[in-house]
Amino acid sequence: MAALKLSLSLLASLSSPPKFHFHWTGILCGGRTHSSLFLRNASTITKNQKKKKKKKGNDNCGIVTAKPESLAEKTKKRTRSDIEFDKEQAMGYGDTASHVPVMLGEVLEVFSCFSSSCSSPLRSFVDCTLGAAGHSSAIIRAHPELELYVGMDVDPIAHEKARARIHSLCGDSSHLKAHIYMRNFKNIKSVLREVDEELLSSGVDGILMDLGMSSMQVNNAERGFSVLANGPLDMRMDPQVTLTAEDILNSWPDTEVGRILREYGEESNWRSLQSKIVNARLFGGLHSTSELVDLIRNTTCRTRGGRQGWIKTATRVFQALRIAVNDELKTLEDSLYACFDSLASGGRLAVISFHSLEDRIVKQTFLNIINSNSEDENGEEGEEEQCRKDLRNIRDDNGEREAWIKQMIQGWNGTILTKRPITPSEEEERLNHRSRSAKLRVIQKS
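Calculation rules
Residues numbered from 1 in each chain as written. Predicted model: local features only at pLDDT ≥ 70, side-chain atom pairs only at ≥ 80, totals over all residues. Heavy atoms only, no water. Core = buried A, V, L, I, M, F, W, Y, C linked by side-chain atoms within 4.5 Å. Buried < 20%, exposed > 50% of the residue type's maximum accessible area, 1.4 Å probe, protein only. Helix = DSSP H or I, 4+ residues; strand = E, 2+ residues; numbered from the N terminus. Contact = heavy atoms within 4.5 Å. Salt bridge = Lys/Arg side-chain N within 4 Å of Asp/Glu carboxyl O. Axes fitted to C-alpha atoms, helices over the stretch in contact; angles between N-to-C directions. Left-handed = near helix turned anticlockwise from the far one by under 90°. Nonpolar A, V, L, I, M, F, W, Y, C, P; charged D, E, K, R; others polar.

Asks: What am I meant to see in the nonpolar core here?
Replies: Where a protein is soluble and globular, its nonpolar side chains tend to be buried together. In this structure, M209 and L349 are the most contacted members of the largest nonpolar core, which totals 67 residues. At 10 residues, the largest contribution of residues to this core is made by helix 16 (residues 306–326). Every residue in contact with L349, bar those within four places of it in the chain, is listed here: I207, M209, L336, C339, F340, L343, F366, R441, V442 and I443. C170, I180, I352 and W404 belong to the second-largest nonpolar core, a separate cluster that totals 36 residues.

Asks: Quick question: what am I supposed to make of the pattern of salt bridges here?
Replies: Any two side chains of opposite charge can pair if their charged atoms end up close together. Inspection of the entire model under this criterion finds 19 salt bridges. Note that E429 is salt-bridged to R80, the shortest N-O span being 2.8 Å. One end of the pair, E429, is in helix 21 (residues 426–431); the other, R80, is in strand 1 (residues 79–80), with 349 residues separating them in the sequence. Owing to a relative accessible area of 27%, R80 belongs among the partly exposed residues under this scheme. For D359, the salt bridge identified is with K439, shortest N-O distance 3.9 Å. Separated by 80 residues along the polypeptide, D359 in helix 18 (residues 356–370) and K439 in strand 11 (residues 439–445) bring together distant segments of the chain. On the basis of relative accessibility, which here comes to 8%, the residue D359 falls in the buried class. The network of salt bridges with shared partners includes E256, R259, R262 and E263.

Asks: I would appreciate a short explanation of the packing of helix 17 (residues 328–341) against helix 18 in the present structure.
Replies: Taken N-terminus to C-terminus, the directions of helix 17 and helix 18 make an angle of 35°; their axes are 10 Å apart at the nearest point. In terms of crossing hand, the pair formed by helix 17 and helix 18 is right-handed. On helix 18, the residues touching E328, L329, L332, E333, L336, Y337 and F340 of helix 17 are L357, E358, I361, V362, T365, F366, N368 and I369. Looking at side-chain class alone, the contact of helix 17 with helix 18 contains 10 nonpolar, two polar and three charged residues.

Asks: Sorry, what's going on with the environment of N269 here?
Replies: Mapping N269 onto the fold places it in the loop between helix 13 (254–264) and helix 14 (270–280). For N269, a relative accessible area of 9% corresponds to the buried category. Taking the C-alpha atoms as reference, N269 lies 8.0 Å from T300; in sequence the two are 31 residues apart.

That is the geometry; function is a separate question.
Have a look at this one:
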């Protein structure tokens, strides 16, 4: 009887009842289980619960997940745009209701320092990612003084739509000469040479690169970019390129497939996906986006966010394949140098990126560009280090400069006008969900 009372008092003191109910019944029914056995099992349960708490968050099918950044940490790394989002303006320059130019107001603001009333008007402008010509149309209308416009895009459908749109705008201006090329932006120097050889020495006033995918590409299932629509595993931005996502999945070495998923997709579950992709080759391989999505869905743990979990994984895998097919990161880095070289003194290059890999390259390349002469002109390490500190002098005071410029980084060859990237306003993010990951960085040539 004493043992029963002791056991009941111990039960009352526990914060939550143990999960192994046979201990309760053994005690309350006067069975062989006594207080010492109960204490031992209760202690084991408590220890197991503590272990489970420690493992919680890392026990997602063996995948270790990093602690997500807090909202405050993310906010510190960016500058939220304070330009009021003009929905009617954005929709007016959009091709369809679903294809709206991202951060249109911010792009117009970047080049607003050039105007017909200023001593330095915007005489020449290059849109390296023409798309449906939303940004370009707005720039042309905002700058009637514009004399030369060059648009580039590798997508044939976008090329045809943009050509018609730009030419209709040029009809209102007799002095504006427009040139549309179906070329990759890495060829900007050769394109400008074709337009006018003197442009390579004089340079252009403004260049824009919008690295996001257009709705025309995503919504076309035959292009293979969409996670939710079945189509061929293509993913080529330029149809003239021979390499496709299907080639990578079915013939590239397994180590290369894993590297692509890990580096370009930043996918934590890359080992398992790599194994399943390579194993699928034994059964004929993968030949459609739906087959790839089914493989991802079956590989992704059900506990990882349900439907949204596998969709996020599929989005990262599709991103990785698209980057590999189009060699996007190396092309981007080389193109940033080429674009900066093509600027006139005082000219500006604005770049809108949409994922961390792109933004990281833009940020580091801008820093390399403005500091590229420091090593040549300073032999001693101490002087070089001091110069680097001087070059990266961050200015907080705008003086009479544009209001959108918060902090600048000055260097030998130019000035980074966005120490932190500018992100869309809350209103734009709410009305255009595709703008949520957009980041705008701007550099100006000395």
